[in-house]
Amino acid sequence: RAEEVAKLRELQLRAEADVKIAEEQRLADEAARLAEQQRLTEAAAKLTEEQRLAEAQRLAEEQRLAEEQRLAEAQRLAEAQRLAEEQRLAEEQRLAEEQRLAEEQRLAEAQRLAEEQRLAEEQRLAEEQRLAEEQRLAEEQRLAEEQRLAEEQRLAQAAAEQERQAQILRERQRIADERAAQIAADRTRVETAALLADQRRRADAQQRVETAERLAAERRAEEARTLAQRSRERIRDSAATRATAAAQQQAAELPTQPSRPVAPSVNAISGSNVIVDSAGSGALNSGEDTGSNEAETIARVQPISDADIATVYRQFQALERAIEAEDMSSIVALTERSSTKIGLFIQLFQNFDELDVRIEDVSSQPASNTIVGNLHVRSVTRDGVRRSPPDTYQRTEISARRENSGGWGRIVW
């Protein structure tokens, strides 16, 4: 396009130069004509009138011819200028048309791209709405499933609690029956022992004193080991200590009071079981603690083997895996009911994407038939960022206690 404009401009300049040259030629011809006219005028003055008129006519004819030539040249130059102008205008129109067509194509392309972007945006928004709707439906289903599981867990816990209460009542009744039978047997044994010779009573009293002293020493050592245990263990140990002290006191009084009925005796320590018997006087029935410690009258301490520790440790590991998998049904099934701890871990599951949990410091406490450990929440992850959990969530003491059946109960935390 630039070359065409340059060519058009060159044609226009050439036309203008031709016009200028023609004008200069006309002026030169005019000057020559005037000079010639002046010469002829001067010559004509010398001629006769006829010659002058003939010469005038000839000059007029020459002037007319020269004028016609000049007009024809001027018309030719004007025509050349007109043609050049028409070519210039035609070229400008062609260029303008090309620009218009190019602009229309650009606008059409811009409109096409805008339409494609609008359609893509509509598709993206539609896809986002579809995904949001799917997420909402999935969330509603998840919440409904959680509610259903929570209701099932609540019903299962209620049934388990009822069964546990019934088992406690049966166990209390069994202990009461055993205690009544033991008291009856003790009374019979005491009445029989009262008929023995004084020497036998003295020997038995001495043996009871030695056994009571050994039991008291063992009890004091056990109290030192279990000083940090929970309050109910301290209460039970305290009751056993009071019972042992009462037995020792009554055994110590036997040599100086032979006419009184024989005080409660302490039987042999067999294997890992320690049995404290009560006499008819009721001195070992825990005094003021009779109502609250019915099940603690007979204390049994069984050894905790490596197999027991392995069994309970597997329970602890199952709880660890259930927490890391956020499996609330398994957590509820493995632990004793605790709305505080369940609520705590539900809050942790909601606030974090992942929990790193480990079981640590597992140890046995034979005095209370218990295996204890620590549930350590080492770290929590949210949005891909791992961090330490709050101090209140880091460590939770867990334990499992041997049941009367010999098995191990659910985890207490």
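See the structure shown above.
All values reported here derive from a predicted model rather than from experimental measurement. (Residues numbered from 1 in each chain as written. Predicted model: local features only at pLDDT ≥ 70, side-chain atom pairs only at ≥ 80, totals over all residues. Heavy atoms only, no water.)

A. Quick look at a negative patch on the surface. The grouping of E326, D353, E354 and D383 at the surface amounts to a negative patch. With respect to the element layout, D353 can be found in the loop between α7 (339-351) and β1 (354-365). (Patch = residues over 30% accessible without salt bridge, like charges linked within 9 Å, V, L, I, M, F, W, Y side chains within 5 Å. Areas by Shrake-Rupley, 256 points an atom, 1.4 Å probe, with all protein chains shown as cover. Salt bridge = Lys/Arg side-chain N within 4 Å of Asp/Glu carboxyl O. Lys, Arg positive; Asp, Glu negative; His and termini not counted. Charge placed at Lys NZ, Arg CZ, Asp CG, Glu CD. Helix = DSSP H or I, 4+ residues; strand = E, 2+ residues; numbered from the N terminus.)

B. Quick peek at the pairing of β1. Sheet topology places β1 next to strand β2 (residues 370-382); ten bridges connect them, and they run antiparallel. Across the sheet, residue S363 finds its bridge partner in β2, namely V372. Between β1 and the antiparallel strand that follows it, β2, lie four residues; N369 among them carries a positive phi value of about 50°. (Pairing = 2+ DSSP bridges.)

C. Region of interest: α7. Over its 13 residues, α7 runs 18 Å from end to end, which matches the ideal 18 Å to within 8%, given 1.5 Å per residue. Considered for burial, the residues of α7 that qualify are I342, L344, F345, L348 and F349. Each buried residue of α7 lies within a common arc of 160° when the element is viewed along its axis, so the set occupies one face. In α7, the exposed residues that point more than 90 degrees away from the buried face are S339, T340 and Q350. In this structure, the buried residues of α7 make contact with α5 (306-324), α6 (328-334), β1, β2 and α8 (391-394). (Expected span 1.5 Å × (residues − 1). Buried < 20%, exposed > 50% of the residue type's maximum accessible area, 1.4 Å probe, protein only. Arc of directions from axis to C-beta. Contact = heavy atoms within 4.5 Å.)

D. Representation of the nonpolar core in the model. If you look at the biggest cluster of nonpolar residues, it comprises 29 residues, and the most contacted ones within it are F316, I323, I331, F345, L355, L375 and W413. Those elements that provide at least two residues to this core are α5, α6, α7, β1, β2 and β4 (395-401). (Core = buried A, V, L, I, M, F, W, Y, C linked by side-chain atoms within 4.5 Å.)

E. Quick look at the pattern of salt bridges. Following the criterion strictly, the structure yields 45 salt bridges and no others. A salt bridge links R26 to E23; its shortest N-O distance comes to 2.3 Å. Here R26 and its partner E23 are both found in helix α1 (residues 2-44), three residues apart, which amounts to about one turn of the helix. On the accessibility criterion, E23 (35% relative accessible area) is partly exposed. Linking R94 and E91 is a salt bridge whose minimum nitrogen-to-oxygen distance equals 2.2 Å. With a gap of three residues between them, R94 and E91 both fall in helix α2 (residues 49-194), about one helical turn apart.

F. Inspection of the packing of aromatic side chains at higher detail. For the structure shown, the criterion picks out two aromatic pairs. Aromatic side chains F345 and F349 sit 6.3 Å apart centroid to centroid with 50° between the ring planes, which places their arrangement in the tilted category. Note that F345 and F349 are positioned in helix α7 at a spacing of four residues, about one turn of the helix. Of the two residues examined, F345 and F349, each falls in the buried class. Centre to centre, the rings of F345 and W413 are 5.4 Å apart; their planes meet at 10°, and the pair counts as stacked. Placement of the pair is F345 in helix α7 and W413 in the segment after β4, with a sequence separation of 68 residues. Both residues of the pair, F345 and W413, belong to the buried class. Chaining the aromatic ring pairs together yields one cluster made of F345, F349 and W413. (Phe/Tyr/Trp six-rings, centres within 6.5 Å; stacked < 30°, edge-to-face > 60°.)

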